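# Coordinate analysis (summary)
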Amino acid sequence: MTSDPCLQLQPFADGLLSEEQAQAFGQHLADCARCQAELTGLLQLEELGRLYVEKHGAVNVPERVVAFPRWRVVGGVMAMAAALVVLFLVASPQRPPPAPALAIWTTGPRSLEARVTYPAADRHRPLASTAMGAQERPSSSTTSTLLAAELVQRADLQQLAAFYLATGAPYISAARDVLERMQKEDQGRVVDVLCDQGVAHYIEGSDWKALKLFDQVLSLEPTHVQALWNRALVYRKLGLPLLARAGFEAVERTDKDEGWRQEAREQLRRLEAVKQREQKWRDAERAGEALVSGGPGTLEQALNFLDVPMMRRDFYDAVRTRASAEDIRALLPLAQRLDGQAGRKTVLADHLNWVASRATSQRAPWAQHYARLLSGQIGAEELRTLLPRVLASSEEDIALGFLVWTRTTHPEFTEELIRRTQGSTDPWFQLLSLQIQAERDVAADEYESAAQYLEEAIDRCRKERLLYRCIDIENDLAHVTAWLFQVAASERHADEGLRMARQTSQWEKECALLQSRGNVARLAANVTQGRAYYGEALMAAGSDAKARRNIHQDLAHLAIQALDLDEARLELDRAMDEGLPLTLHGIEALVDVARTRRSSRDATEFERSLSQERPSTDGHRAYLTFLRGRFAVDMDPTRGRELLEQSIREAAAAHPDDIKAKHARTYSYTSLIFADARQGAYLAALNRFGEELNIQMPTRCVLGATEDTERSLFVAWGADGQLRHAYQPQRRQPLPDELSDVVPQEMVDALRACPSVEVLARSPLHGRAGLLPADIAWSYRTRASAPRVEGVHASYLVVNNVQYDEREEPPLRWEPNPGDKAQVKFLQGLNATPSRVLAAMRDAQDIDLATHGWINPGSNTSYLLLARDVDGSDKLHSEQIRQARLERAPLVILAACEAARGSSALHEVDSLPNAFLEAGARGVIAATRKIPDEDSSRFFGEVRERVRAGVRPSIAVRDVRAEWVDNKKGADWLNGILVFE
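Residues numbered from 1 in each chain as written. Predicted model: local features only at pLDDT ≥ 70, side-chain atom pairs only at ≥ 80, totals over all residues. Heavy atoms only, no water.

### Describing the side chain of Thr167
The criterion, for reference: Here a strand is any run of E in DSSP of at least two residues, a helix any run of H or I of at least four, and the numbering for each starts at the N terminus. Pairing of N or O atoms within 3.5 Å defines a polar contact, subject to two protein rules: one partner must be a possible hydrogen donor and the other a possible acceptor, and residues neighboring in sequence count only if both atoms are side-chain atoms.
Mapped onto the elements of the fold, Thr167 is located in helix H6 (residues 157–167). Of the polar contacts made by the side chain of Thr167, one reaches the backbone oxygen of Phe163; its length is 2.6 Å.

Following this line, the structure appears as structure tokens:
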């Protein structure tokens, strides 16, 4: 005997059913016309009651009357709506025709600033005073639910999605469900569905996801007016006003609805500040140039732009172009005002008086020479003879100016410039000295030393309040930390410099820092972000040919990352069209693109641009040789191979820390491996994996994996001793982050019989999950041999129960597995600081780090959260670990969420496991996914116990994982556990 399910209608409407009961009733509701009609009546009655209360006030109800808990009706309504939507989406394909447009699209203001694609909903209406965005969410209502139910019943998917988007949370997830269904069933225009999906992300504050979708729409249909509008909104929100203006201008030109055109004009008026900022900089630049040239009224004009930091730079130049003491002292009002700005009473005034006191008739010709230098009237030959003479003169301020302005073309005077600026009492030149020392180290590829100079400079600059210098230093730091692959630090410095440049109307610095911010996105392989920042920089650059060339080169690299080689070719052509030689960065892009899309002018441009390079180190020389080999190897394989092998030899002769040498060696091996594959020499290609690591390649149970732009290669020796290969010369899509099903099944089957598989995966594939199935014992191999281990489990370091200062993060529950012979050392609570952990790891033979793993949003790399140290730091990053020395070659278990995640450069992987291996660990076990603390404690404990018994880590992980999966314990996170040996 079964009960009548219709009897549950009232409890369902009142929200009294459990979630399971509500879902079951929803199944019944979809097929029961009687219940649908009665539920609609109940909800209409509820709405009438609400309207009565709004008009007449509350009704007094005697206490003995038990009322239904109508405060819960919204929950029931939402359950009903969700049930109808879900059931509708899986219903039979025979649906009634779309419903007429709802009346809500024609009455009252709109609540959503973004535009949806349903035509009736996109008719212009004024925006409500508080528009819905990422923070404001309208609450659900009975009326909304009734309208949604009507659209569900009428099968009007596009209008339903528009209604949900316009209504807001908690309906956005329902809107996404509808839109996904439309995609699967190929309903509606593809571009419209993508655009509405972007709106859903925009409402929820996922701006970059929204931008990616709007970009996709406009790549398919450049005049899609809703996507143009919505992308402009995202640009505005992300602080990219020039791109936002361009979007609104496109809407204003093309939209047929006068209301939208008018609102676009209003948006443009609101974004006038960016044009005003540019104009202020241009006015200040003209005022500075006039000040340097001299003449009546120029001082008063310059005083109007004291809040633009470059005016201090122009002050120094103005002093150098003045010949008489009287003219020099006339600049005293400007000196005094600039001193006051920096909080220094008399630095510039004292400098002015010192120069004036030394001015003689001999100063005039040097002042004239300096004015000619600034106006570009001195040629290279004259400058070469003039520089030694001015340095020998008594006009020290002018000589310093010559050194500053010619330091890039005459690096032979770098040490003299450093000596003179170091000896200055003016903090402006003291900071410049640190910057120049950093420039010198960058030219020698000594980036860590350069970073130290710049960190000292930025600390002092903030105290001195010299904003022009601070902006420059932040940009330099963004560049240097990017070279060190410290992506999060690079992002931080670029953002801070950009903030200061915008606050002070330093337009040319803003353009440079937008490029730096784009470089951060490129390093993190975030094509959407990179295109946005480079696009804004390109608009800010105006007619500056050098800046435009550089940005087009960067955009070419982004297109290469996205495997859009046609776009990369177009951007390279645009870069070359600027008429300047390509930089080394541009040559790199040209070499990549020419492989598949060679142009008739490429060879000439390649030679012209490469001839501008002057190798400053052995590594630099090796890198130029690599570029020649890579450019030649597809057209002239013999000559190309010779150059690539020469580059490897040259890199070997360079300093071990020479970054360009590391690049040259790695990239040369990449080109040689694929040259072998192109000729079908797969055994030779696999052997190069071993040659690169200086190891003897096994002839059983080894897999080599690598990729290079549009090419990928997998080569393996199976358990049967047979060589198998999979070479793709023209991939159209990048390989996924998780590499499941990427290795061909035939190759997997050949490796499955192996006791354990060594995987030699070159960057950027190294360290990704899923390369081989979980039922195979395999590990990433990173060096020729394991370090020597002395003693037997003498010291076991356990970091757990960390106290995270005032953060809300709870300590992880972690039980160590010390075994019988280990001496356990705990670092817990407030003692588990980065410095103490690094010190304790030196002598440990087993290490468990049980703490929270977090992801840097810019670099996508993981770091460990620890207790706050005396210097205020509470993070352990890969660069800190890499500099440590693990004397006892420990096996390290990283019991932290996503601790194996890394960001791959083409020459190395920046990740915690690789950092530990470089520091001396014999092995690392870590996860690419989130892991539960108590379960992972038991899992890793069982793995460590087997390793102590002599089982290889990869086999131990495979076997313990198999037992856990058989017992249905956490299969998903277990498949993200990787072994690095």
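Now that the structure has been shown, the text picks up again.
### Notes on the pattern of salt bridges
As a reminder of what qualifies: A pair is scored as a salt bridge if a Lys or Arg side-chain nitrogen falls within 4 Å of a carboxyl oxygen belonging to Asp or Glu. Here the term buried applies to any residue with accessible area under 20% of the maximum for its type, exposed to any over 50%, and partly exposed to those in between, with areas from a 1.4 Å probe on protein chains only.
Here the structure, examined in full by the defined rule, presents 90 salt bridges. The salt bridge involving Arg115 is made with Asp122; its shortest N-O contact spans 2.9 Å. The burial state of Arg115 is the same as that of Asp122; both residues are buried. The partner of Arg502 in a salt bridge is Glu510, with the nearest N and O atoms 3.1 Å apart. Owing to a relative accessible area of 22%, Arg502 belongs among the partly exposed residues under this scheme.

### Here we look at the sheet that holds strand E13 (residues 875–876)
Formally: The criterion for strand pairing is that DSSP finds at least two bridges linking the strands in question.
Strand order in the open sheet made by the three strands is E11-E12-E13, with antiparallel pairing throughout. The sheet terminates laterally at strand E11 (852–855) and E13, the two strands that pair on one side only.

### What about the state of the cysteines?
Defined as follows: Note on terminology: disulfide denotes any pair of cysteine sulfur atoms within 2.5 Å.
In total, this model carries two disulfides according to the counting rule given. Between Cys461 and Cys470 runs a disulfide, and the two sulfur atoms are separated by 2.1 Å. With the S-S dihedral at roughly -120°, the linkage between Cys461 and Cys470 falls on the left-handed side. No difference in accessibility class separates Cys461 from Cys470, as the two residues are buried. A sulfur-sulfur distance of 2.2 Å marks the disulfide that ties Cys701 to Cys754. Looking down the S-S bond of the Cys701 and Cys754 bridge, the torsion is -95°, so its handedness is left-handed. Of this pair, Cys701 sits in the loop between helix H36 (682–693) and strand E3 (702–708) while Cys754 sits in the loop between helix H37 (745–752) and strand E6 (757–761), and the two are 53 residues apart along the sequence. Side by side, Cys701 and Cys754 carry an identical accessibility label, which is buried. The disulfide pattern of the chain is 1-2, 3-4 when the bonded cysteines are numbered in sequence order.

### Quick look at the packing of aromatic side chains
For any two aromatic rings, the description comes down to two numbers: the centre-to-centre distance and the angle of the planes. Selection criterion: Only Phe, Tyr and Trp rings are paired, with Trp represented by its six-membered ring, and only when their centres lie within 6.5 Å; those with planes under 30 degrees apart are stacked, over 60 edge-to-face, the remainder tilted. Charge over a ring is defined by NZ of Lys or CZ of Arg lying within 6 Å of the ring centre and within 35 degrees of the ring normal.
Taken as a whole, this structure holds 23 aromatic pairs when the rule is applied. Ring geometry for Phe606 and Phe631: centres 4.2 Å apart, planes at 5°, overall stacked. Of the two residues, Phe606 is situated in helix H32 (residues 602–610) and Phe631 in helix H33 (residues 618–632); the sequence distance between them amounts to 25 residues. Here Phe606 falls in the buried class, since its relative accessible area comes to 2%. Using a relative accessible area of 10% as the deciding quantity, one classes Phe631 as buried. Among the aromatic residues, ring-to-ring pairing joins Phe315, Tyr316, Trp428, Phe429 and Tyr468 into one connected group. Between the NZ or CZ atom of Arg115 and the centre of the ring of Trp260, over which it lies, the distance is 4.0 Å. Against the face of Tyr796 rests Arg948, its NZ or CZ located 5.2 Å from the ring centre.

### What about the packing of helix H15 (residues 310–321) against helix H18 (residues 347–358)?
Test applied: Axis definition: a line fitted to C-alpha atoms, over the contacting stretch in the case of helices. Angles run 0 to 180 degrees between N-to-C directions. Angular relationships are summarised with four words: roughly parallel below 35 degrees, roughly antiparallel beyond 145, roughly perpendicular across 65 to 115, and oblique for the angles in between. It only takes one pair of heavy atoms within 4.5 Å for two residues to be counted as in contact. By the convention adopted, Pro, Cys, Tyr, Trp, Phe, Met, Ile, Leu, Val and Ala count as nonpolar, Lys, Arg, Asp and Glu as charged, and the other residues, Gly among them, as polar.
One can describe the packing of H15 onto H18 by two numbers: an axis separation of 11 Å at closest approach and a directional angle of 10°. Taken together, the axis directions place H15 and H18 in an arrangement best described as roughly parallel. Here H15 contributes Arg312, Phe315, Tyr316 and Val319 to the contact with H18, which in turn contributes Val347, Leu348, His351, Leu352 and Val355. Along the lines of polarity and charge, the residues of the contact of H15 with H18 split into seven nonpolar, one polar and one charged.

### A few points about the environment of Leu386
Here Leu386 shows up in helix H20 (residues 380–392). Taking the C-alpha atoms as reference, Leu386 lies 9.0 Å from His369; in sequence the two are 17 residues apart. If we skip the residues at most four places from it in the chain, Leu386 touches Trp366, His369, Ile378 and Phe402.

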